[in-house]
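What the coordinates show
If you want the building blocks of each chain, they are given just below.
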Amino acid sequence: ADSLPVMMPYLVRDRRYIFVNRTLADWLERPRKAILGKTMPEVIGDEAYAYRRPMIEAAFKGEQQWFIADYNHPSRGKLTAQTQYIPQLGEDGEAVGVIVVVQDVTEQRATEVALRESEERFRRIADSAPAMMWVTRLDRTRDFVNDAYAEFAGLPREEARVLDWRTRIHPDDGERLVAESVAGEASLKPFTLEARYLRHDGEWRWLRSVSQPRFGADGELSGFIGVATDITVAKEAELSLKQQVAERTAELDQTQEQLRQAQKMEALGQLTGGIAHDFN
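Here goes a summary of the coordinates provided. The structure displayed is predicted, hence computed values, not measured ones. (Residues numbered from 1 in each chain as written. Predicted model: local features only at pLDDT ≥ 70, side-chain atom pairs only at ≥ 80, totals over all residues. Heavy atoms only, no water.)

**Regarding the sheet that holds strand β5 (residues 95–104)**
With antiparallel pairing, the five strands of this open sheet are ordered in space as β2-β1-β5-β4-β3. Only two strands of the sheet have a single neighbouring strand rather than two, namely β2 (17–20) and β3 (65–73). Taken over all neighbouring pairs, the strand axes of this sheet differ in orientation by 25° on average, direction set aside. Looking at chain direction, β3 and strand β4 (residues 77–89) are connected through nine bridges and run antiparallel. What sits directly across from Tyr71, in β4, is Leu79. Where helix α3 (residues 46–59) meets the sheet, it contacts β1 (9–12), β3, β4 and β5, and its direction lies at approximately 160° from that of β3. Packed onto the sheet, helix α4 (residues 106–128) meets β3, β4 and β5 and runs at close to 120° relative to β4. (Pairing = 2+ DSSP bridges. Helix = DSSP H or I, 4+ residues; strand = E, 2+ residues; numbered from the N terminus. Axes fitted to C-alpha atoms, helices over the stretch in contact; angles between N-to-C directions. Contact = heavy atoms within 4.5 Å.)

Structure, rendered in structure tokens:
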């Protein structure tokens, strides 16, 4: 037990420690003789024992317990410990003692809290953005969509998150967009897509999306982050301008063709006139 990286005390029915491994004694910064024979409240304090009391009582009834709780260490301040109570049953089936396995998870919990706070900040920022934002996994399911995304879909956030966006693509854009999306994801670089999507009110809107890969702590691809903006007004103006250019080009081509035909007719007339003069 002294060679294990986890803390292991043993408690009997009156909640006294009759065994403590070196790892626990070092963690508590006390010699073992200052712990052995003492009760839980005497060792960890009344407040900490009050929180753990329901679990230790359940353990002495034969039920295994597992929990995570804070502990106010005398010199190190607030620490977080993961604890398991394992009943040791006697021949009559009653618990005669409890083996306790404790692991300090303070750093792990701090990392989890920091990550959760970071995710909450991201959600607040994303929800305040006027653009649609989402986070996907490798299987293309959404882990997160912001308020603007749910509003465009006209669905509650959770329903919008699991919505198959391919059902909202304009039929004329679907095949092209899926092909471009697959190619963009395969490139492992940021990529841009433009297509028409059906908004919740039944109107087709042009969206420009920019997606980029996201990687896990191990450096492996874990999915994509996307942002989309409504470019309908600009896109319609662009298409209108292209149409006007195409029409003007067609008119110009027609005019030039008419001019060429006129020039040919004029040249033919001059040639015919010259021939007639020669005959005369």
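There's more to say after this.
**Quick notes on α3**
When the terminal C-alpha atoms of α3 are compared, their 19 Å separation across 14 residues agrees well with the 20 Å that a helix rising 1.5 Å per residue should span. The sharpest bend along α3 reaches about 50° and sits at Arg52, with the proline Pro54 one to four residues further on. Of the residues making up α3, those classed as buried are Ala48, Tyr49, Arg52, Met55, Ile56, Ala58 and Ala59. Looking at the buried side of α3, the elements it contacts are β1, α2 (40–44), β3, β4 and β5. (Expected span 1.5 Å × (residues − 1). Bend = angle between axes of the 7 residues up to and from the residue. Buried < 20%, exposed > 50% of the residue type's maximum accessible area, 1.4 Å probe, protein only.)

**Points about the pairing of β2**
Looking at chain direction, β1 and β2 are connected through three bridges and run antiparallel. Its bridge partner lying in β2, Pro9 is registered against Val20. Between β1 and β2, which pair antiparallel one after the other, the connecting turn spans four residues, and Arg15 there sits at a positive phi close to 70°.

**What about the side chain of Lys235?**
The topology assignment puts Lys235 in helix α8 (residues 232–279). With residues near it in sequence (within four places) discarded, Lys235 still touches Glu194 and Trp206.

**Side note on the environment of Asp127**
Secondary-structure assignment places Asp127 in helix α4. Expressed as a C-alpha distance, the spacing of Asp127 and Tyr149, which sit 22 residues apart in the sequence, is 9.2 Å. Excluding residues within four positions of it along the chain, Asp127 makes contact with Phe144, Asn146, Asp147 and Arg157. Reaching out from Asp127, the side chain makes a polar contact with the backbone nitrogen of Asp147 at a distance of 3.0 Å. (Polar contact = N/O pair within 3.5 Å; in protein donor to acceptor, adjacent residues only side chain to side chain.)

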